[in-house]
Amino acid sequence: MDIEKQRVIQEYVPGKQMTLAHVIANPDQQLYTRLGIKEAGAIGIMTLTPTETAIIAADIATKSADISIGYLDRFTGSLVITGEVSAVEMALDAVNIFITEKLKYTPAVLTRS
């Protein structure tokens, strides 16, 4: 008996969105060590699609507040920023506003721990 095999192809089709915007206020020093980034008052985490948007987000974040880029990956859309809590929150808000108003992306709710 000859059984015909079916082939299924799945594609990831990213939307225009920020999927995560989170501030870790006053993280433990161990977290900085594990991430390999300079210690600061807060860590901001963003993920964006399409993934190249992380480059734009880094530009907006650095221009809008006194923050540093801890990590940027244009292939995964991940951006990690560091700075004082208020500066990190201001940068995340600025990115959310820019991508929503100028790029017509779906924003993320800013969360904090």
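Here, the structure is the one placed above.
Residues numbered from 1 in each chain as written. Predicted model: local features only at pLDDT ≥ 70, side-chain atom pairs only at ≥ 80, totals over all residues. Heavy atoms only, no water.

Enquirer: How would you summarise the packing of helix H2 (residues 53-64) against helix H3 (residues 85-101) if you had to cite specific residues and measurements?
Expert: Two elements in contact, H2 and H3, have axes separated by 8 Å at closest approach and are oriented at 130°. The angle between the axes of H2 and H3 places the two elements in the oblique class. With respect to the hand of their crossing, H2 and H3 are arranged in right-handed fashion. In this structure, H2 uses Thr53, Ile56, Ala57, Ile60, Ala61 and Ser64 to contact H3, whose residues at the interface are Met90, Ala91, Ala94, Val95, Phe98 and Ile99. Broken down by class, the residue content of the contact of H2 with H3 amounts to 10 nonpolar, two polar and no charged. (Axes fitted to C-alpha atoms, helices over the stretch in contact; angles between N-to-C directions. Helix = DSSP H or I, 4+ residues; strand = E, 2+ residues; numbered from the N terminus. Parallel < 35°, antiparallel > 145°, perpendicular 65-115°, else oblique. Left-handed = near helix turned anticlockwise from the far one by under 90°. Contact = heavy atoms within 4.5 Å. Nonpolar A, V, L, I, M, F, W, Y, C, P; charged D, E, K, R; others polar.)

Enquirer: I'd like a description of a nonpolar patch on the surface, backed by residues and values.
Expert: Together, Ile55, Ile69 and Leu72 make up a nonpolar patch on the protein surface, roughly 240 Å² of accessible area in all. The residue Ile55 is located in helix H2 in this model. Assessed through its relative accessible area of 43%, Ile55 is described here as partly exposed. (Patch = residues over 30% accessible without salt bridge, like charges linked within 9 Å, V, L, I, M, F, W, Y side chains within 5 Å. Areas by Shrake-Rupley, 256 points an atom, 1.4 Å probe, with all protein chains shown as cover. Salt bridge = Lys/Arg side-chain N within 4 Å of Asp/Glu carboxyl O. Buried < 20%, exposed > 50% of the residue type's maximum accessible area, 1.4 Å probe, protein only.)

Enquirer: I'd like to hear about the pattern of salt bridges, residue by residue, with values.
Expert: A side chain of one charge can pair with a side chain of the opposite charge when the charged atoms of the two come close. Per the counting criterion, the structure on display carries two salt bridges. Put simply, Glu89 and Arg112 hold a salt bridge, and the shortest N to O gap is 2.9 Å. In this pair, Glu89 sits in helix H3 while Arg112 sits in strand S5 (residues 110-112), placing the two residues 23 residues apart along the sequence. In this structure Glu89 comes out as partly exposed when scored by relative accessible area, which is 21%.

The analysis is restricted to geometry; functional conclusions fall outside its scope.
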